[in-house]
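Observations on the model geometry
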Amino acid sequence: MDRRKFLLLSAVAVAGLTLAPAIKPAFAVSKVEEEIKKRLGVELNAIKETAEIRLTAPTIAESGANVPITVEADVPVDRVERLWIFVDKNPTPWVTDVKFTPQNGQVFLSTRIKMGETSNVRAILQLKDGTFVMATKEVKVTAGGCG
Amino acid sequence: MRMRNNLINGLFLVLFAWVGFALANPVEQTIQRAVSENKLTAFYFKSQFCPYCSQVEDFVFSDEEVSKKLRNFLFVELDIRSEEGSKLARRFGVPGTPTLVIHDPKQDKVVSLIFGSRPKGDYLNTINRACKLYSIKTC
Amino acid sequence: MATGTAILRVPKEAQKGQVIRVQMVITHPMTPTRRDPQTGQETPGHFLTKLQLFHNDQLVSEMNMAAGISANPFIALPLKAEGSGVIKIAYEDNKGGKWEKTAEITVK
């Protein structure tokens, strides 16, 4: 091939290589990331994990129909707007949210949730200053049956 | 004369066939329907108060993908403690509930079976196995 | 028990400023929207959507929920005992069901 064509092809190749990163394919966003973005207006990977929230849930749940969870936080309740619970792999990842007021005295919730399969459970605290903090626990859901 | 006899015989035949179908219980009717529609049957065995059945109904059968695939089969829900249910459960070797059995009504053969509140992926594998074996295109 | 009936448990007495647990169990099926595997048709679920906690008619806490909460929900929420009076829960479901339950507390 003659030099002119070669130079032209090289130019096109270089241009293509520099532009390629901009034409990134959109990463598949998981359902829980979508839900959190929709309801909280924030990206899941922007929320920091904190030891100030204690999320208690069984490591292995006997029945996915009834998984006991307890959330307790050291964050003063006056700083808290709302507590959110999400289960990553549920068809609807949002499970519940609770509005707290200073009359609650502390941030606490105990309840039982449904899980379709082994998944992360997330307790996210929405603070009055607009920031979010989170505790995550993976709960294994074993298969069961009735005899 | 022969024409009339044939006609009467024919009418009796139709009458017996209709009575035979009408007297057949719903499960047998479904199996007959599956044969005539050239479909496999999907029997879902459940029992009252079994939380694992609720789980499978909430998280697996309600799923859009699973529901779409199951439309290629004739889906029958059975209480394992009912007369029909317990008979079929014994015949198919059903260990308990929830159990989904894919069954070939023409060869009277269990194609695939899954027991327990397993995640929807496991149920899809069980269904897909039947789809592959029988080359069901829309599955 | 009939759908919507609740057991509400609070301590009879508390010290002023003490944070107590308000515990409840509500009879409710909490069934999600189900899809018929044969027809693809959806059957709407039946589940609690909201629960409010009041202390002497002042709204303390509000919980939004749906069928992700287990059947016959058990819920425990905190309450700072500021004064004697009535603790009330008011809750409703997606089919127009509305219920209330109260309990009394003495705060020293």
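Okay, so let's go over this structure. Quantities reported herein were computed from a predicted structural model and do not represent experimental measurements. (Residues numbered from 1 in each chain as written. Chains lettered and ligands numbered in written order. Predicted model: local features only at pLDDT ≥ 70, side-chain atom pairs only at ≥ 80, totals over all residues.)

A word on the environment of C:Thr3
All names here are of chain C. With respect to the secondary-structure elements, Thr 3 resides in the segment before strand E1 (6–9). For the pair Thr 3 and Gln 58, spaced 55 residues apart in sequence, the C-alpha separation works out to 26 Å. In contact with Thr 3, not counting residues within four places along its chain, are Thr 27, His 28, Pro 29 and Gly 97. (Helix = DSSP H or I, 4+ residues; strand = E, 2+ residues; numbered from the N terminus. Contact = placed C-beta atoms within 7 Å.)

Concerning the environment of C:His28
Within the secondary structure layout, C:His28 lies in the loop between strand E3 (19–26) and strand E4 (34–35). In contact with C:His28, other than residues within four places in its own chain, are C:Thr3, C:Gly4, C:Leu48, C:Ala71, C:Asn72, C:Pro73 and C:Asp93.

Observations concerning the sheet that holds strand E4 (residues 109–115) of chain B
Residues and elements named next belong to chain B. The mixed open sheet is built from four strands, whose spatial order is E2-E1-E3-E4. Every interior strand has two partners, whereas the edge strands, strand E2 (74–79) and E4, have only one. The mean angle between the axes of side-by-side strands here comes to 20°, regardless of whether they run parallel or antiparallel. Strand direction decides the pairing type here: strand E3 (residues 99–104) and E4, joined by six bridges, are antiparallel. For Leu 100, the partnering residue across the bridge sits in E4 and is Ile 114. Packing of helix H2 (residues 26–37) onto the sheet brings it into contact with strand E1 (41–46) and E2, and relative to E2 it is tilted by some 165°. (Pairing = 2+ DSSP bridges. Axes fitted to C-alpha atoms, helices over the stretch in contact; angles between N-to-C directions.)

With respect to the sheet that holds strand E2 (residues 53–56) of chain A
With respect to topology, six strands assemble into an open sheet ordered E2(A)-E4(A)-E7(A)-E8(C)-E3(C)-E1(C), the strand pairing being antiparallel. The sheet terminates laterally at E2 of chain A together with E1 of chain C, the two strands that pair on one side only. For this sheet, the mean angle separating the axes of adjacent strands, direction not counted, is 15°. Looking at chain direction, E1(C) and E3(C) are connected through four bridges and run antiparallel.

Some points on the interface of chain C and chain A
A common way to express how large an interface is: the accessible area buried when the components associate. Each partner contributes to the interface: chain C provides 20 residues, whereas chain A provides 23 residues. Sorting the residues of the side of chain C that touches chain A by element identifies strand E7 (58–65) and strand E8 (74–80) of chain C as the ones contributing at least two each. Bridge analysis of strand E7 (residues 107–113) of chain A against E8(C) gives two bridges, and the strand direction is antiparallel. In the strand pairing of E8(C), A:Ser110 is matched with C:Ala76.

Structural notes on the pairing of strand E6 (residues 94–99) of chain A
Burial runs high along E6(A): five of the six residues are buried. Relative to E6(A), strand E5 (residues 80–87) of chain A runs antiparallel, the two sharing five bridges. Bridging across to E6(A), A:Arg82 finds its partner in A:Lys99. Where E5(A) folds back on E6(A), the antiparallel hairpin that results is connected by six residues. Where E6(A) meets E7(C), four bridges bridge the pair, whose relative direction is antiparallel. Paired with A:Lys99 across the two strands is C:Glu62, which belongs to E7(C). (Buried ≥ 20, exposed ≤ 12 C-beta atoms within 10 Å, placed from the backbone.)

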